[in-house]
Amino acid sequence: MNKIEKIRGTFDLLDDDAQKFLFVINILTSLSYQYGFNPIFTPILENTNLFLRSIGEETDVVNKELYTFLDRSNRSISLRPEGTASVLRSLIETKYFSIKQTPFKYFYYGPMFRYERPQAGRQRQFHQFGIEILGTNSYLDAVEVVLFSVTFLNSIKITNYKLLINNIGGIETRKKWIQELKKYFSKYQNQLTEDSKRRLKTNPLRILDDKVDGTKEFVKKAPKIDQFLNDEEKKYFKNITNLLNKLSIKYTIDSTLVRGLDYYTNFVFEIVSKNKELSGQSTLIGGGKYDELTQELGGPDISCIGLAIGIERIMICLNIENKIIDETVMKSQVCFCCLNENLFDNCKILETKLRNDGISCISNYNTTKLPKLFKYAKQNRVQVVVIIGEKEFKQNKVIIKNQTTMEQKTVGIKDLSKTILALLKK
């Protein structure tokens, strides 16, 4: 019988990788609560029209990457490619905007799906962690999402990155810019890729950061947005850069940065890895402001801002920069080594008591041979081994061995939890 393999562009997470994944999620969740965000979880399946209206029909995500199918009722269903649209759909559908006072602050995480060519840092199923501040037009909240991003990376000791920011203007400003870009790029049509020729008619902004055309000299010399920005848009962006300076957050203004989704306005940013292993797929965190998306989806006319973090790319950076790999792996604190099958029940009772006292434990009851039990303990990177033989148990004692210092001593069973807790604190 042929074995069944995972679908291309998907992956399994187990052992160390699964532990690192949960480590990153736990850090982000804790930080979100610290910043005043509440959790929200939305379905993986959504009405396809949600993404057509929010992301934009002419984006690569919708044109090339959306996983879409008809269900048994002949409805067009899509696997979510990003999280913001679903969050807004949920809050609009539940009438939160008419019940509660804005701004709302939410965080989410979960799997997203895009049909892309799999490579390092890019899979067809991937995980994002996102935050959204809904109902705010303050530049302070724009700085808040950048500060959240930098604080997170600092907390997990990722340092080899750069922060890129840009002002892409409001809707009316962008319309003027887009018209000028269409006129400009029409002179160079024969030098554009087929994708860019299509975008010239639909969304010429995407030509600016195209992986191929974006490197060409005539694209770099295209009209810049700052020629069209009004005073209010300039002031908003200036307030952001002034505060980033005061907070000593280093950044680079990148005039080609437009982001890949149509709903962004004014302030956008990306944090990109400088590690060569992620070249081409280097964006770790990206986000920005969006002013009309809520209204487009049937909600109120409000401004919002948010970001999304690629969990798999963060994990790649953890491995590359090799800063906290040991810390990212949750260690079992105690492994029970029971040397007599007749004592298995007693070991399980002791093990349960330790767990009730807040100590994590593992055991292998498939063998009583000490070499195999030590090998099992080492494989699971436990900190303390508890050895129980018939002689020790008759004396109401156990042997504990510190796997870091390799020291061992005999202690009374009644003092086991207290002794181990003291040992773990060292």
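Shown above is the structure to which this text applies.
Caption draft 1: Looking closely at the pairing of strand β14 (residues 384–388). The element β14 is largely enclosed, with a buried count of 5 among its 5 residues. By the alternation rule, side chains of β14 split into Val 384, Val 386 and Ile 388 and Val 385 and Ile 387, which are all buried. Across 5 bridges, the pairing between strand β12 (residues 334–338) and β14 is parallel. Note on β14: the bridge partner recorded for Cys 338 is Ile 388. Where β14 and strand β15 (residues 397–402) come together, 4 bridges link them in antiparallel fashion. Within β15, the position partnered with Ile 387 by the bridge is Ile 399.

Caption draft 2: Spatial organisation of empty space enclosed by the protein. Evaluation of the coordinates by the stated rule reveals 2 cavities of 30 Å³ or more. The calculated volume of the largest cavity comes to roughly 50 Å³. Ile 40, Phe 41, Thr 42, Arg 80, Gly 83, Tyr 108, Tyr 109, Gly 110 and Met 112 together form the lining of the largest cavity. Here the lining of the largest cavity is composed, by residue class, of 5 nonpolar, 3 polar and 1 charged. Of the voids in this model, the second largest cavity is the one considered here, and its volume is about 40 Å³. Every residue along the wall of the second largest cavity is listed here: Trp 177, Leu 208, Val 219, Lys 220, Ala 222, Pro 223, Lys 224, Ser 255 and Thr 256. Here the residues of the lining of the second largest cavity sort into 5 nonpolar, 2 polar and 2 charged.

Caption draft 3: Layout of the nonpolar core. Counting residues in hydrophobic clusters, the biggest one holds 47 residues, and the most contacted among them are Leu 91, Phe 97, Leu 134, Trp 177, Phe 185 and Leu 208. Residues Tyr 35, Val 143, Phe 152 and Phe 269 belong to the second largest nonpolar core, which totals 44 residues.

Caption draft 4: Geometry of the packing of aromatic side chains. With the rule as written, the count across this model stands at 18 aromatic pairs. Taken together, a centroid distance of 6.1 Å and an interplanar angle of 70° make the contact between Phe 37 and Phe 148 edge-to-face. On the criterion of sequence distance, the pair formed by Phe 37 in the loop between α1 (15–34) and β1 (38–39) and Phe 148 in helix α6 (residues 139–155) is long-range, its members being 111 residues apart. For Phe 148, a relative accessible area of 0% translates into the label buried. When the ring of Phe 107 is compared with that of Phe 129, the centres are 5.6 Å apart and the planes differ by 5°; the resulting orientation is stacked.

Caption draft 5: The arrangement of the side chain of Thr 173 in detail. You can see Thr 173 is positioned in helix α7 (residues 171–186). By relative accessible area, which is 5% here, Thr 173 ends up buried. Discounting chain neighbours no more than four positions away, the residues touching Thr 173 are Ile 225, Phe 228, Leu 229, Asn 230 and Glu 233.

Caption draft 6: Summary view of the side chain of Asn 266. Inspection of the secondary structure puts Asn 266 in strand β9 (residues 265–273). Within the local environment of Asn 266, its side chain forms a polar contact with the side chain of Asp 291, the two groups lying 3.0 Å apart. Ignoring any residue separated from it by four or fewer positions in sequence, one finds Asn 266 in contact with Asn 166, Asn 167, Ile 168, Gly 169, Gly 170, Glu 233, Tyr 236, Lys 289 and Asp 291.

Caption draft 7: Just the pairing of strand β7 (residues 161–167), in detail. Taken across its 7 residues, β7 has 6 buried, putting it largely inside the fold. Pairing of β7 with β9 involves 7 bridges; the strand directions are antiparallel. Pairing of Asn 166 across the sheet is with Val 268, part of β9. Of the strand pairs in this sheet, β7 and strand β8 (residues 252–253) are connected by 2 bridges, and their pairing is parallel. Pairing of Leu 164 across the sheet is with Thr 252, part of β8.

Caption draft 8: How the structure looks around a nonpolar patch on the surface. A cluster of nonpolar residues, Ile 44, Leu 45 and Phe 69, forms a patch on the protein surface that exposes about 250 Å² of accessible area. With respect to the element layout, Ile 44 can be found in the loop between β1 and β2 (45–47). Look at Ile 44 and you get partly exposed, because its relative accessible area is 33%.

Caption draft 9: How the structure looks around the environment of Gly 83. Positionally, Gly 83 belongs in the loop between β4 (76–79) and α4 (84–93). What makes Gly 83 buried here is its relative accessible area of 3%. Note: C-alpha distance between Gly 83 and Thr 42 (41 residues apart in sequence) is 8.3 Å. Excluding residues within four positions of it along the chain, Gly 83 makes contact with Tyr 108, Met 112 and Gln 128.

Caption draft 10: Expanded view of the packing of α1 against helix α13 (residues 311–321). Remark: α1 packs on α13, axes separated minimally by 10 Å, with the N-to-C direction vectors making an angle of 110°. Considered as vectors, α1 and α13 are oriented roughly perpendicular to each other. Helix-helix and strand crossings are classified by hand; for α1 and α13 the assignment is right-handed. Judged by residue contacts, Asp 17, Lys 20, Phe 21, Val 24, Ile 25 and Leu 28 of α1 engage Ile 311, Glu 312, Ile 314, Met 315, Leu 318 and Asn 319 from α13.

Caption draft 11: A look at the sheet that holds β14. The sheet built from 5 strands is open, its strands ordered β13-β12-β14-β15-β16 with mixed pairing. Looking at which strands have only one partner, the edges of the open sheet turn out to be β13 (361–363) and β16 (408–412). Neighbour-to-neighbour, the strand axes of this sheet turn through a mean angle of 30°, independent of strand direction. Together, β12, β13, β14 and β15 form the strand contacts of helix α15 (residues 344–356), whose direction differs from that of β12 by roughly 165°. In the packing of helix α16 (residues 370–379) onto the sheet, the strands contacted are β12, β13, β14 and β15, and the crossing angle to β12 comes to about 170°.

Cut-off values and rules
- Residues numbered from 1 in each chain as written.
- Predicted model: local features only at pLDDT ≥ 70, side-chain atom pairs only at ≥ 80, totals over all residues.
- Heavy atoms only, no water.
- Buried < 20%, exposed > 50% of the residue type's maximum accessible area, 1.4 Å probe, protein only.
- Helix = DSSP H or I, 4+ residues; strand = E, 2+ residues; numbered from the N terminus.
- Pairing = 2+ DSSP bridges.
- 1 Å grid on protein atoms, 1.4 Å probe; cavity = no way out; pocket = protein on both sides within 12 Å on 5 of 7 lines; lining within 4 Å.
- Points joined across faces, edges and corners; volume = space filled by probe spheres on them.
- Nonpolar A, V, L, I, M, F, W, Y, C, P; charged D, E, K, R; others polar.
- Core = buried A, V, L, I, M, F, W, Y, C linked by side-chain atoms within 4.5 Å.
- Phe/Tyr/Trp six-rings, centres within 6.5 Å; stacked < 30°, edge-to-face > 60°.
- Contact = heavy atoms within 4.5 Å.
- Polar contact = N/O pair within 3.5 Å; in protein donor to acceptor, adjacent residues only side chain to side chain.
- Patch = residues over 30% accessible without salt bridge, like charges linked within 9 Å, V, L, I, M, F, W, Y side chains within 5 Å.
- Areas by Shrake-Rupley, 256 points an atom, 1.4 Å probe, with all protein chains shown as cover.
- Salt bridge = Lys/Arg side-chain N within 4 Å of Asp/Glu carboxyl O.
- Axes fitted to C-alpha atoms, helices over the stretch in contact; angles between N-to-C directions.
- Parallel < 35°, antiparallel > 145°, perpendicular 65-115°, else oblique.
- Left-handed = near helix turned anticlockwise from the far one by under 90°.

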